[in-house]
Amino acid sequence: MIVFRPSARARRRAAGAVLITAVLASLLAACVAPPTAEPTSTATSTPTPTPPANSLTAARIAEITEQQCPATVAADVLSELPESAANAIDFMAATAQCGLIALVTQAPAQPATFVSPLQYTAPCASAATVTVWAHYDDDLIFGSPTIPNALAAGQCIRTLFITGSDAGKGPEYAANRERGIRAAYDVIRGAEGEWADMTVGLRSGLTITTTSPVGDARVALLFVRLPDGGLDSSGFSATGNQALPQLLSGALEAITTIDTGQQVTLAALEATVAEVVTAYAPQAVLAHMPAVSPLAHGDHPDHSATGTLVANLVDRGVVESAKVQYAVGYPSEWNGVNLGGDELQRKLEAFAAYASHDSVLKCSTAESCLNVRKFGAWLQRQYLVPDADVAR
């Protein structure tokens, strides 16, 4: 029997073929195997940062809370206040009125926009009537019964007096007249009590005094305290012969207040009247008849100048014409009597409360004040003219 044995070369070829066949099979398996799934990653969104509550920077907050007005408001509280409140505190700190900051942080409601510190020192909780007068009794004579009726209807009254009503008689006479006007508003509002005064630096640059009955925010009186100009616009020697009409005419670049000697330019005074009106966004504005009207002829020059301040703001679009009325002053006596009964009696009682503090008038009862020359005639009348009816 013959046994066939492959040669060594043949055996090597056979082994190579087996190896190739195994490699091909492995590659084929790899080609037909299902693909391995790629690992997936979960997308992470970046949260939108919360915008700051107001525009005060960290550096400004530190300056207010650590340097200008320390211990008045915490930095974290200030950073979270709405923009209007932050702006108010920014202004108060910059003008060294740190004592007012608590009024901002404790305010029950914040105005939409910061216009004036008056929004916090004498805020109106209801619709407002703003009245602007030269002297401390002008509102009682020429603005009544409109002012008492507005208060009775639920409005707040904000009355701005331009002069200190000193009549050249010195600060004590002026202070007595201020006491008188407070007493008159006590009669108008039907309550007596303490009044609180506050010194307020306005954005206009002027510093004024506000006074309100404690516990009754419906009434606030605002005093600029320029010198009384007198019946001939030449002022009085006691106050340097300065007068409001001289300021409006350009004869004087500035006049000084009778209490602090503050220099007041026409631009600053106009800005002050505008700030008061804007701060309260009133539904009605009442002032003296402006000098441009024939109905101002024969009136006190301070009256006409005060009315002109308001009329100029109307002409510039700062104050809305439809809201403004002007009261006829001294010339009202040439018109017929149009007040009587209980309405006149209430007007007389308020005026008598004022007059008891005014040594010039020498009356202290409704009846005696009605008998004072000129004043009796004015008190029995009130004539108002809308701004649209005053020709320019």
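Further up the page is the structure itself.
Source: prediction; values computed, not measured.

Participant: Quick question: what am I supposed to make of the state of the cysteines here?
Facilitator: Structurally, a disulfide amounts to a covalent bond that connects the sulfur atoms of two cysteines. Counted according to the given criterion, the structure contains three disulfides. With a sulfur-sulfur separation of 2.1 Å, Cys363 is cross-linked through a disulfide to Cys369. Linking Cys363 and Cys369, the disulfide has an S-S dihedral of approximately 90° and is accordingly described as right-handed. On the accessibility criterion, Cys363 (6% relative accessible area) is buried. You can call Cys369 buried: its relative accessible area is 0%. Counting only the cysteines that form disulfides, in the order they appear in the protein chain, gives the pairing 1-2, 3-4, 5-6.

Participant: Help me out: how do you make sense of the pattern of salt bridges in this one?
Facilitator: Close approach of charged atoms allows side chains of opposite charge to pair. Counted according to the given criterion, the structure contains 17 salt bridges. The shortest N-O distance in the salt bridge between Arg392 and Asp315 comes to 2.9 Å. Remark: Asp315 occurs in helix 12 (residues 301-315) and Arg392 occurs in the segment after strand 10 (384-386); sequence separation between them is 77 residues. Among the residues examined, Arg392 registers a relative accessible area of 45% and is labelled partly exposed. With its nearest N and O atoms 2.9 Å apart, the salt bridge here joins Lys374 to Glu333.

Participant: So what exactly am I meant to see when it comes to the packing of aromatic side chains here?
Facilitator: Geometry of an aromatic ring pair is reported as the spacing of the ring centres plus the angle between the planes. Across all of its chains, the model carries 10 aromatic pairs by this definition. With centroids separated by 6.0 Å and ring planes inclined at 55°, the aromatic side chains of Phe142 and Trp378 adopt a geometry described as tilted. One end of the pair, Phe142, is in helix 7 (residues 138-142); the other, Trp378, is in helix 15 (residues 375-379), with 236 residues separating them in the sequence. Take Trp378: its relative accessible area is 6%, and that puts it in the buried class. One aromatic cluster is present, built from ring pairs that chain together Phe142, Tyr330, Phe351, Tyr354, Phe375 and Trp378. The ring of Tyr280 has Arg158 lying over it, and the distance from NZ or CZ to the ring centre is 5.5 Å.

Participant: Please clarify how the pairing of strand 8 (residues 284-288) should be interpreted in this entry.
Facilitator: Every regular strand shows the same layout, with side chains that alternate between the two sheet faces. Counting buried positions along strand 8 gives four out of five residues, so the element sits mostly inside the fold. Pairing geometry for strand 8 and strand 9 (residues 324-327), over four bridges, is parallel. Bridge pairing in strand 9 links Ala287 to Tyr326. Crossover handedness for the path strand 8 to helix 12 to strand 9: right-handed.

Criteria and thresholds
- Residues numbered from 1 in each chain as written.
- Predicted model: local features only at pLDDT ≥ 70, side-chain atom pairs only at ≥ 80, totals over all residues.
- Heavy atoms only, no water.
- Disulfide = S-S within 2.5 Å.
- Buried < 20%, exposed > 50% of the residue type's maximum accessible area, 1.4 Å probe, protein only.
- Salt bridge = Lys/Arg side-chain N within 4 Å of Asp/Glu carboxyl O.
- Helix = DSSP H or I, 4+ residues; strand = E, 2+ residues; numbered from the N terminus.
- Phe/Tyr/Trp six-rings, centres within 6.5 Å; stacked < 30°, edge-to-face > 60°.
- Lys NZ or Arg CZ within 6 Å of the ring centre and 35° of its normal.
- Pairing = 2+ DSSP bridges.
- Right-handed = clockwise from strand over helix to strand, strands pointing away.

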